[in-house]
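# Structural overview for review
Each chain, letter by letter, is given below.
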Amino acid sequence: MDSMDRSRTFLRDVKRLVIKVGTAVVTRSDGRLALGRLGALCEQIKELNSQEYEVILVSSGAVGIGRQRLRYRKLVNSSFADLQKPQVDLDGKACAAVGQNSLMALYDTLFSQLDVTSAQLLVTDNDFRDKDFRRQLSDTVKSLLTLKVVPIFNENDAVSTRKAPYEDSSGIFWDNDSLAALLALELKADLLVLLSDVDGLYSGPPSDPHSKLIHTYVKERHQGEITFGDKSRVGRGGMTAKVKAATGAAYAGIPVVITSGYAPGNILKVLKGDRIGTLFHQDAHLWTPQKDVGARDMAVAARESSRRLQAISSQERRKILLDIADALEANEKLISTENEADVAEAQQSGYEKALVSRLAMKPGKISSLANSIRTLANMEDPIGHVLKRTEVSDGLVLEKTSSPLGVLLIVFESRPDALVQIASLAIRSGNGLLLKGGKEARRSNAILHKVITEAIPESIGGTLIGLVTSREEIPDLLKLDDVIDLVIPRGSNKLVSQIKNSTKIPVLGHADGICHVYVDKSADLEMSKRIVLDAKIDYPAACNAMETLLVHKDLVQTGGLNELVVNLRIEGVTLNGGPRASSLLNIPEARTFHHEYNSLACTLEIVDDVFDAIDHIHQHGSAHTDCIVTEDHEVAEVFLRQVDSAAVFHNASTRFSDGARFGLGAEVGISTSRIHARGPVGVEGLLTTRWILRGSGQVVDGDKGVVYTHRDIKIES
């Protein structure tokens, strides 16, 4: 069952529905009644009645009809002298009183022709403040529906005491759209249909050729990226009012469809499950494919949200992170359940053990992630930090400041915890974010994304972090070099290579994690064993795990090599050798030195000295993380200076190459690039710089009137 089928299954249970028809549907552009549309509407309601549906109609149009009729009567009864006087607009309440009579007479006539009985119920905002009224209203409607009578509701504008409905924050409803939503809740309807003069909700004004119809509205995704056009040409509401009413009803449990009242038969099509109009449902975020939004729309929405994020205070950004940490811990059980389902499915599908290992979120992982986010939140705000201040000329001061990159696209495989780390870093650095995880972590990523985005305030918008659910979206995203500022792939060499070859957007990341530990002849043997074992077995699937062990030739004679081999074998590590080691130790020869096992296996080779080890690393390594174990500090310095890798260690496990362990709070990935950022990439790696110049009216004028000082100004901490 695809997402569209799932989104319409609720229609099987619909018995009672509220239909709201707006002024723009009831009347023509000249203000006269649209008899054809009203006739088609009544015919549909007749058909629904015969199919045992209970139909409640909310109809606008009284004021417009009354105004048109009164203008005609006034014109007929005016003298020539009257026509010369300034024309005063007609009293709206008088229009409502006259129009309501005409509107109901028309409905009565049309329904009578179809052998259907209708009833009029006029209500005001104040009526609903009375519990007894609400109870009586429900009883009356129940009786009418039992008799197959169609109740027709309208706000009684003729006697309503609200003069400025949109300014009255204490109101219960503000127009016939919100009245329809209120009645749907009060009368326990199963569906609300809002008929409009357009096909549904568009991403922008319907007249704009770039606007797209949104088939399923997802608040977390679409809120903040919709651009509304003008309000209704005749009514008080328009699409803004409809969306507000539809969102309120949907999140209270009443599904809503906004569709065109111009097209005959649209209500019947909705109930048949046809994909017309825009659906609002409280579970919409669970069914809608991200592709509905479109790659560009998603990226633009992330950029707009990121600018709102940058505009708030440092303390407010910090609070968002703390709220996310709390939300993760509060939803730990739910997250674990979804992750366990992913792991079970991956195992059943026969995925490699290394992938399943990276996929699993072990006990304590959520707490660890939450604490990392809190650490990040409590760090100094990186945005707007003054890096350099220069007096260019007298009264002209230039500042170099830190600034967010913009929008990041992260493509990652297997590890759902990466989603949490990346999202928190993006928020701390003020960047918008698009995430594409592997299909094997689909459920884990979906629940983590939901928990995180729901903790982001509406003023920023959940669109700050978009979750790409379709692999087909990636090529489209990689073309958006005008919207996306940086791509960070976290995964296999194949993945990284494919992305680098498919985009003009700068790419930051590492292809392989072929990390080396070189044990020198002067190494402390016990220390060497601890470091080698930790680098290999602490988390074999990690990119910073040791994949190649290089051992000084002298350790063959002293027995050090043998002890290292025995320790690795006791821990279940499979050994493959280079030409020298395989011959000496009688172990299988490795097909290549450039291999990332991601499992309890590694390559072992014997080298002549530190220079031989360095040459080996440069020839076969991936410039990720490499380590030397030695007590000879001169040898150590040679290794640290000459090994051209992102991270180089002395007497420490390669597993320390990690953003959290480096004190970065978290990492968006590890970069082996030689520009912008290298090694574990934390907040600083997601920033660029901006120049801010403050003057007092200076102009260049061919540099004739400027005396340049270019004096550094001390930055006070």
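Residues numbered from 1 in each chain as written. Predicted model: local features only at pLDDT ≥ 70, side-chain atom pairs only at ≥ 80, totals over all residues. Heavy atoms only, no water.

## Examining the overall build of the protein
Counting secondary structure elements, the protein contains 27 helices and 24 strands. At 34 Å, the protein has a C-alpha radius of gyration far larger than the 27 Å of a compact globule built from 717 residues. Taking all 717 residues of the protein together, the buried fraction comes to 53%. By sequence separation, contacts in the protein at least 24 residues apart represent 74% of the contacts at least 6 residues apart. Here the protein displays about 33000 Å² of accessible surface, and carbon together with sulfur accounts for 49% of that area. Looking at the protein, you have 85 positive and 93 negative side-chain charges, and the mean spots of the two groups are 6 Å apart. (Helix = DSSP H or I, 4+ residues; strand = E, 2+ residues; numbered from the N terminus. Rg over C-alpha atoms; globule rule 2.2 N^0.38 Å. Buried < 20%, exposed > 50% of the residue type's maximum accessible area, 1.4 Å probe, protein only. Contact = heavy atoms within 4.5 Å. Areas by Shrake-Rupley, 256 points an atom, 1.4 Å probe, with all protein chains shown as cover. Lys, Arg positive; Asp, Glu negative; His and termini not counted. Charge placed at Lys NZ, Arg CZ, Asp CG, Glu CD.)

## Focus on empty space enclosed by the protein
Using the criterion set out here, one finds four cavities of 30 Å³ or more in the structure. As a volume, the largest cavity reaches approximately 70 Å³. In this structure, the largest cavity is lined by Arg-37, Ala-40, Leu-41, Gln-44, Leu-195, Ser-260, Gly-261, Tyr-262, Ala-263, Pro-264, Asn-266 and Ile-267. When contributions to the lining of the largest cavity are tallied by element, the ones reaching two or more residues are helix H3 (35–50) and helix H11 (266–272). Per-element tally for the lining of the largest cavity: the top contributor is H3, with four residues. Its residues assigned to classes, the lining of the largest cavity shows seven nonpolar, four polar and one charged. (1 Å grid on protein atoms, 1.4 Å probe; cavity = no way out; pocket = protein on both sides within 12 Å on 5 of 7 lines; lining within 4 Å. Points joined across faces, edges and corners; volume = space filled by probe spheres on them. Nonpolar A, V, L, I, M, F, W, Y, C, P; charged D, E, K, R; others polar.)

## Describing the state of the cysteines
What the rule picks out here adds up to zero disulfides. This cysteine, Cys-602, is not joined by any disulfide, and Cys-515 carries the nearest cysteine sulfur, 12 Å off. A relative accessible area of 0% means that Cys-602 is categorised as buried. (Disulfide = S-S within 2.5 Å.)

## Side note on the sheet that holds strand S23 (residues 687–694)
Pairing is antiparallel in the open sheet, where four strands are placed in the order S23-S10-S9-S24. Strands with a single pairing partner mark the edges of an open sheet, and in this sheet they are S23 and strand S24 (708–712). Taking the axes of each pair of neighbouring strands and ignoring which way they run, one obtains an average angle of 25° across the sheet. Sheet topology places strand S10 (residues 396–404) next to S23; eight bridges connect them, and they run antiparallel. (Pairing = 2+ DSSP bridges. Axes fitted to C-alpha atoms, helices over the stretch in contact; angles between N-to-C directions.)

## Details of the packing of helix H8 (residues 176–186) against helix H10 (residues 239–251)
Close contact between H8 and H10 brings their axes to 8 Å; oriented N to C, the two are set at 15°. With respect to H10, the axis of H8 lies roughly parallel. Here the hand of the crossing between H8 and H10 comes out right-handed. Side by side, H8 and H10 meet where Asp-177, Ser-178 and Ala-181 of the first sit next to Ala-241, Lys-242, Ala-245 and Ala-249 of the second. Among the residues forming the contact of H8 with H10, the class breakdown is four nonpolar, one polar and two charged. (Parallel < 35°, antiparallel > 145°, perpendicular 65-115°, else oblique. Left-handed = near helix turned anticlockwise from the far one by under 90°.)

## What to know about the pairing of strand S5 (residues 191–196)
Extensive coverage of S5 is indicated by the burial of six of its six residues. Of the two faces of S5, the one carrying Leu-191, Val-193 and Leu-195 and the one carrying Leu-192, Leu-194 and Ser-196 are both buried. As paired elements, strand S1 (residues 16–21) and S5 share five bridges and run parallel to each other. Bridge assignment links Val-21 to a residue of S5, and that residue is Leu-195.

## Thoughts on the sheet that holds strand S16 (residues 546–552)
The parallel open sheet is built from six strands, whose spatial order is S17-S18-S16-S15-S19-S20. Lying at the two open borders of the sheet, with one neighbouring strand each, are strand S17 (574–577) and strand S20 (647–650). The mean angle between the axes of side-by-side strands here comes to 20°, regardless of whether they run parallel or antiparallel. Where S16 and strand S18 (residues 601–607) come together, five bridges link them in parallel fashion. For Leu-549, the partnering residue across the bridge sits in S18 and is Leu-604. Contacts from helix H22 (residues 525–537) reach strand S15 (515–519), S16, S18 and strand S19 (625–629), with the element oriented near 160° to S16.

## What about the packing of aromatic side chains?
With the rule as written, the count across this model stands at five aromatic pairs. Look at Phe-128 and Phe-133: their rings are 5.3 Å apart centre to centre, the planes differ by 80°, and that puts the pair in the edge-to-face class. The exposure class of Phe-133 is partly exposed, given its relative accessible area of 22%. When the ring centre of Tyr-262 is taken as origin, the NZ or CZ atom of Arg-37, which lies over that ring, is 4.0 Å away. (Phe/Tyr/Trp six-rings, centres within 6.5 Å; stacked < 30°, edge-to-face > 60°. Lys NZ or Arg CZ within 6 Å of the ring centre and 35° of its normal.)

## Things to note about the pattern of salt bridges
Within this structure, the stated rule accounts for 28 salt bridges. Residue Asp-323 is joined to Lys-319 by a salt bridge in which the shortest nitrogen-to-oxygen separation is 2.9 Å. Placement of both Asp-323 and Lys-319 in helix H14 (residues 314–330) is noted, with a separation of four residues, approximately one turn of the helix. The exposure class of Asp-323 is partly exposed, given its relative accessible area of 27%. A cluster of three or more residues bridged by salt bridges with shared partners is formed by Lys-15, Arg-16 and Glu-54. (Salt bridge = Lys/Arg side-chain N within 4 Å of Asp/Glu carboxyl O.)

## Things to note about the nonpolar core
Residues Leu-328, Ile-410, Ile-427, Leu-433, Leu-435 and Ile-465 are the most contacted members of the largest nonpolar core, which totals 49 residues. For this core, the elements supplying multiple residues, two or more each, are H14, helix H17 (365–377), strand S11 (407–412), helix H18 (417–429), strand S12 (432–436), helix H19 (442–454), strand S13 (465–467) and strand S14 (486–490). Considering every element that reaches this core, the biggest residue donor is H18, with eight residues. If we ignore the near neighbours within four places in the chain, the residues touching Leu-433 are Ala-302, Leu-408, Ile-410, Ile-422, Ala-423, Ala-426, Leu-464, Ile-465 and Gly-466. Counting 39 residues, the second largest nonpolar core, distinct from the first, contains Ala-119, Ala-180, Ala-181 and Val-256. (Core = buried A, V, L, I, M, F, W, Y, C linked by side-chain atoms within 4.5 Å.)

## Focus on the pairing of strand S3 (residues 118–123)
Direction of pairing for S3 relative to strand S4 (residues 150–155): parallel, over a ladder of six bridges. Bridge pairing in S4 places Leu-121 opposite Phe-153.

## Considering the packing of H14 against H19
Viewed as axis vectors pointing N to C, H14 and H19 meet at an angle of 135°, and their least axial separation amounts to 8 Å. By the angle class used here, H14 and H19 are oblique. Where H14 crosses over H19, the two elements pack in a sense that is right-handed. Facing H14, whose interface residues are Ile-324, Ala-327 and Leu-328, H19 presents Leu-448, Val-451 and Ile-452.

## Topic: the side chain of Asn-576
In this fold, Asn-576 is placed in strand S17. A distance of 3.2 Å separates the side chain of Asn-576 from the side chain of Tyr-597, its partner in a polar contact. (Polar contact = N/O pair within 3.5 Å; in protein donor to acceptor, adjacent residues only side chain to side chain.)

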